[in-house]
Amino acid sequence: MPKRQCSKHHTIVVGGGVAGLSAAQSLLERGVTVTVLEAGPRLGGRVWPQPVFTSLPDLHIELGGEFIHGAHTGHFKLAQEKGWEMEYIYEWFSSNLPQQDKIYKNKGGKPPSVSIGGTVLPFDSHSAISKELVSAYERSEGCKTLDEVLKGCTEETRAAAEAFFCQTDGTDTLDEYPCYYVDEMLGGGDEGEMSNYRLKGSNCGIISHYTEVTRGAQILLSSPVTRVEYSGGSVKVTHSEGEVLVCDTVIVAVPISVLQRRSIEFSPPLPKARLRAIDNVNITAASKIHIRFSCNVWGDRNLILCADNRFCSQVWCKEIRAGDKVYYVVTGFCTAKVSHAMEVYNEKDCVRAMLLQLETLYPGCGQHYIEGHAIHWSKQPYVNMGYSAFAADGEREVVRSPLFDKLYFAGEATNLVDYGTIGGAIDSGTRAAGELVEHVLKDILIDC
Ligand SMILES: Cc1cc2nc3c(=O)[nH]c(=O)nc-3n(C[C@H](O)[C@H](O)[C@H](O)COP(=O)(O)OP(=O)(O)OC[C@H]3O[C@@H](n4cnc5c(N)ncnc54)[C@H](O)[C@@H]3O)c2cc1C
């Protein structure tokens, strides 16, 4: 809850995703006057639980961010603080796992599978593919990319790695997947860091939480910022149809794609080195297709990595419990080139193509089909991306460093470790607000 309002300092937060909202929360708690300008008609950005099935208006499906990646993040801590029930879904790359389980451990006890050449193979600890991956990693010293690590491995193993690693982290090819990342992961983190959870129910609680804690802020929806002028003593922010707001400092918490597209004009322009760093952060497309069935069509094969000629690369199946009802939903997830390839289809054709793919994995499932929904995040206004992917060392630091004690930068792409995640976005907002307080507010707040 906001502790006090300090009329002496006014910060505008540009972007009402969880990064912007966590920044707003931190500033309100320190007594700052806060305005949040959000371009779209709702808060949450890429956290978007929506009742997409017309037959089930109360069932919220995660169109964007879904899992809690790691117990060390603000996402997990928030869920704990609020007492939200979490499901422990899977763990990967943990040094606590036995060698054979190093790649992936499905906590539900059902091992993932991989579909290759029309056959569905196990991808559990004892599978040939898992073993080959782990032993290739053990021989990988000096390799720079995953492609080099997997030289000499079977086509199956390489294809599975692409469906798993590249498609999760948003790179087109094994060649673009940097080895340091495999190292970090297979080198192992502690159990908490590598554990993944999902909130029981939906992420609606996150949106309600931030709506509640930012109540003390002025929040303007459908107010896209077009210009930020920061040369004088104050900062002038132009939004919507040319309305100008004046403030002391700004936290820019928009997706990095917005900065890459230069959709906001900065005056003076952002320094060249910063623009280079912004452009050097890779971004990936991401799509999700949700299909509702009348029953469990997947048996116990609830996670399939699709490594062959697939429309979509990953298939996640879940039974969603709401009261005494159970709903059966299959999510198709993909990123990078696979996501771009499906963007040319309209929603109906996407759902149809996904169903055809599911028929090959779960024969006969089509007769239990109820309805489907597709979203391509590259096509979403004001976001135009899935999430940030790999960047060379140091680029994110340049992107996020404060400018003249006037501009501060948040957003998932500015998190050095947990980029591309909800937790990373939440923590980036807290960090940017902390920098602002440290640099310009310490003395002012004492006088409030
Ligand atoms: C399909 C998909 C699946 C994902 N899965 C997971 C997952 O399982 N777990 C996980 O942790 N993360 C996941 N993520 C990533 C996670 O959702 C994001 O990292 C996180 O939500 C980003 O938050 P943010 O606040 O940085 O950015 P955003 O949520 O994008 O917020 C930025 C806001 O800025 C607004 N904006 C843009 N331009 C302007 C402007 N000119 N003026 C004002 N406002 C503007 C946008 O409308 C947006 O609301 C997934 C993302 C996608 C797309």
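What comes next is a walk through the structure. Just so it is clear, the structure is predicted and the values come from calculations on it, not from any experiment. What you see as residue numbers is a count from 1 along each chain, following the sequence as written. Note on the predicted model: pLDDT of at least 70 is required for a residue's local features to be given, and 80 or more for side-chain atom pairs to be given and counted; whole-chain, interface and lining totals, by contrast, use all residues. Neither water nor hydrogens contribute to the side-chain values; these are computed over all heavy atoms in the structure.

### Observations concerning the nonpolar core
Rules: Take the buried Ala, Val, Leu, Ile, Met, Phe, Trp, Tyr and Cys residues and link them wherever side-chain atoms come within 4.5 Å; each set so joined is a nonpolar core. Only protein chains enter the area calculation, which uses a 1.4 Å probe; residues under 20% of their type maximum are buried, those over 50% are exposed, and those in between are partly exposed. Starting at the N terminus, helices and strands are each numbered in turn, a helix being any DSSP run of H or I of at least four residues and a strand any DSSP run of E of at least two. Note on definitions: a residue-residue contact is assigned when non-hydrogen atoms from the two residues lie within 4.5 Å.
Val-228, Val-237, Val-250, Ile-264, Phe-266, Leu-270 and Leu-407 are the most contacted members of the largest nonpolar core, which totals 42 residues. For this core, the secondary-structure elements that each account for two or more residues are strand 1 (6–14), strand 12 (225–229), strand 13 (235–239), strand 15 (249–252), helix 9 (256–260), helix 10 (272–280), strand 21 (325–335) and strand 24 (407–409). Ignoring anything within four residues of it in the chain, the contact list for Val-237 reads Ile-12, Leu-37, Val-225, Arg-227, Glu-243, Val-244, Leu-245, Cys-247 and Val-250. Within the second largest apolar cluster, 36 residues are counted, among which are Leu-199, Val-213, Ala-253 and Ala-432.

### Notes on helix 1 (residues 18–29)
Stated formally: Helix span, expected: 1.5 Å multiplied by one less than the number of residues in the helix.
Across its 12 residues, helix 1 extends 16 Å between first and last C-alpha, which sits within 8% of the 16 Å expected from 1.5 Å per residue. Burial runs high along helix 1: 11 of the 12 residues are buried.

### Observations regarding the environment of Thr-211
Among the structural elements, Thr-211 can be located in helix 8 (residues 204–213). On a C-alpha basis, the gap between Thr-211 and Leu-21 in space is 8.3 Å, while along the polypeptide they are 190 residues apart.

### Overview of the pairing of strand 12
Short version of the rule: Two strands are counted as paired when DSSP detects at least two bridges linking them.
Judged from the 4 bridges that link them, strand 12 and strand 13 form a sheet pairing that is antiparallel. If you follow Val-228 over to strand 13, its bridge partner there is Val-237. Between the antiparallel neighbours strand 12 and strand 13 lie 5 residues. With 3 bridges connecting them, strand 12 and strand 16 (residues 265–267) associate as parallel partners. Bridged to Arg-227 within strand 16 is Glu-265.

### What about the site of the ligand?
Condition: Only a single heavy atom is needed: when it lies within 4 Å of a molecule or strand, its residue is near that molecule or strand. As used in this structure description, the phrase polar contact means that two N or O atoms lie within 3.5 Å; if the pair is within protein, one of them must be able to donate a hydrogen and the other to accept it, and residues adjacent in sequence are counted only when both atoms belong to side chains. Only the protein chains shown count as covering a residue, and every accessible area follows the Shrake-Rupley method with a 1.4 Å probe. Polarity classes work like this: nonpolar for Ala, Val, Leu, Ile, Met, Phe, Trp, Tyr, Cys and Pro, charged for Asp, Glu, Lys and Arg, and polar for all others, with Gly in that last group.
Taken together, 38 residues are adjacent to the ligand, and Glu-38, Arg-46, Phe-67, Glu-412 and Ile-422 come closest. Between the ligand and His-69 there is a distance of 3.2 Å, counted from a nitrogen atom to a side-chain nitrogen or oxygen. The contact in question runs from an oxygen atom of the ligand to an N or O atom on the backbone of Glu-412, over 2.8 Å. Protein chains shield 97% of the accessible area of the ligand, which is 1000 Å² for the free molecule. Contributing elements (two or more residues each) for the shell around the ligand: helix 1, strand 5 (67–69) and helix 14 (422–446). Taken together, the residues of the shell around the ligand sort by class into 22 nonpolar, 12 polar and 4 charged.

### Digging into the pairing of strand 20 (residues 314–322)
In this structure, strand 19 (residues 303–306) lies alongside strand 20, joined through 3 bridges in antiparallel fashion. Opposite Leu-305, over in strand 20, you have Gln-314 as the bridge partner. Between the end of strand 20 and the start of strand 21, which pair antiparallel, lie 2 residues, with Gly-323 showing a positive phi angle near 65°.

### Concerning the sheet that holds strand 13
What counts, and what does not: For helices, the fitted axis covers only the stretch in contact; all axes are lines through C-alpha atoms, and the angles between them, taken along N-to-C directions, range from 0 to 180 degrees.
With mixed pairing, 4 strands are arranged side by side in an open sheet as 14-13-12-16. Strands at the two margins of the open sheet, each flanked by one partner only, are strand 14 (243–247) and strand 16. Averaged over neighbouring strand pairs, the angle between their axes works out to 20° when direction is ignored. With 5 bridges joining them, strand 13 and strand 14 adopt antiparallel strand pairing. Note that in strand 14 the partner of Lys-236 across the bridge is Val-246.

### Side note on the packing of helix 1 against helix 8
Definition in use: Here is the rule for handedness: rotate from the far helix to the near one, and if that takes an anticlockwise turn smaller than a right angle the crossing is left-handed, while a clockwise turn gives right-handed.
Viewed as axis vectors pointing N to C, helix 1 and helix 8 meet at an angle of 35°, and their least axial separation amounts to 9 Å. For the crossing formed where helix 1 meets helix 8, the hand is left-handed. Contacts between helix 1 and helix 8 pair Val-18, Leu-21, Ser-22, Gln-25 and Leu-28 from the former with Ile-206, His-209, Tyr-210 and Val-213 from the latter. Considered class by class, the residues forming the contact of helix 1 with helix 8 number 6 nonpolar, 3 polar and no charged.

### Observations regarding the packing of helix 3 (residues 128–138) against helix 5 (residues 155–169)
The description of two helices packed together rests on the angle between their axes and the distance between the axes. Here is the rule we go by: Small angles under 35 degrees read as roughly parallel and large ones over 145 as roughly antiparallel, with 65 to 115 read as roughly perpendicular and the rest as oblique.
Taken N-terminus to C-terminus, the directions of helix 3 and helix 5 make an angle of 85°; their axes are 10 Å apart at the nearest point. Overall, the two elements helix 3 and helix 5 adopt an arrangement that is roughly perpendicular. Within the contact between the two elements, helix 3 uses Ile-129, Glu-132 and Leu-133 and helix 5 uses Glu-156, Thr-157, Ala-160, Ala-161 and Phe-165. A per-class count over the contact of helix 3 with helix 5 returns 5 nonpolar, 1 polar and 2 charged.

### Section: the packing of aromatic side chains
Put simply, the rule reads: Here the aromatic set is Phe, Tyr and Trp, taking the six-membered ring for Trp, and pairing holds for ring centres within 6.5 Å; pairs whose planes are under 30 degrees apart are stacked, those over 60 apart are edge-to-face, and all others are tilted.
Taken as a whole and assessed by the stated rule, the structure comprises 11 aromatic pairs. Centre to centre, the rings of Tyr-177 and Phe-390 are 4.9 Å apart; their planes meet at 75°, and the pair counts as edge-to-face. Linking Tyr-177 in the loop between helix 5 and helix 6 (179–186) with Phe-390 in the loop between strand 23 (387–388) and helix 13 (395–400), this pair joins segments that are 213 residues apart in sequence. A relative accessible area of 0% means that Tyr-177 is categorised as buried. Measuring from centroid to centroid gives 5.6 Å for Phe-311 and Tyr-345, while their planes differ by 70°, and the two rings are edge-to-face. With Phe-311 in the loop between strand 19 and strand 20 and Tyr-345 in the loop between helix 11 (336–342) and helix 12 (347–361), this pair connects stretches of sequence that are 34 residues apart. Residue classification places Tyr-345 among the partly exposed residues on the basis of a relative accessible area of 40%.

### Description of the pattern of salt bridges
Using the following cut-off: Counted as salt bridges are all cases of a side-chain nitrogen of Lys or Arg within 4 Å of a carboxyl oxygen of Asp or Glu.
One pass over the structure, following the stated rule, counts 16 salt bridges. One salt bridge connects Lys-288 with Glu-66, and the closest N-O pair in it is separated by 2.7 Å. In this pair, Lys-288 is assigned in strand 18 (residues 286–293) and Glu-66 in the loop between strand 4 (61–62) and strand 5, connecting sequence segments 222 residues apart. Of the two residues, Lys-288 and Glu-66, both sit in the buried class. Note that Arg-352 and Asp-349 form a salt bridge whose closest N and O atoms lie 3.2 Å from each other. In this pair, Arg-352 and Asp-349 both sit in helix 12, 3 residues apart, roughly one turn of the helix. Overall, the relative accessible area of 45% leaves Arg-352 in the partly exposed class. Members of the salt-bridge network, linked through shared partners, are Glu-66, Arg-198, Lys-288 and Lys-318.

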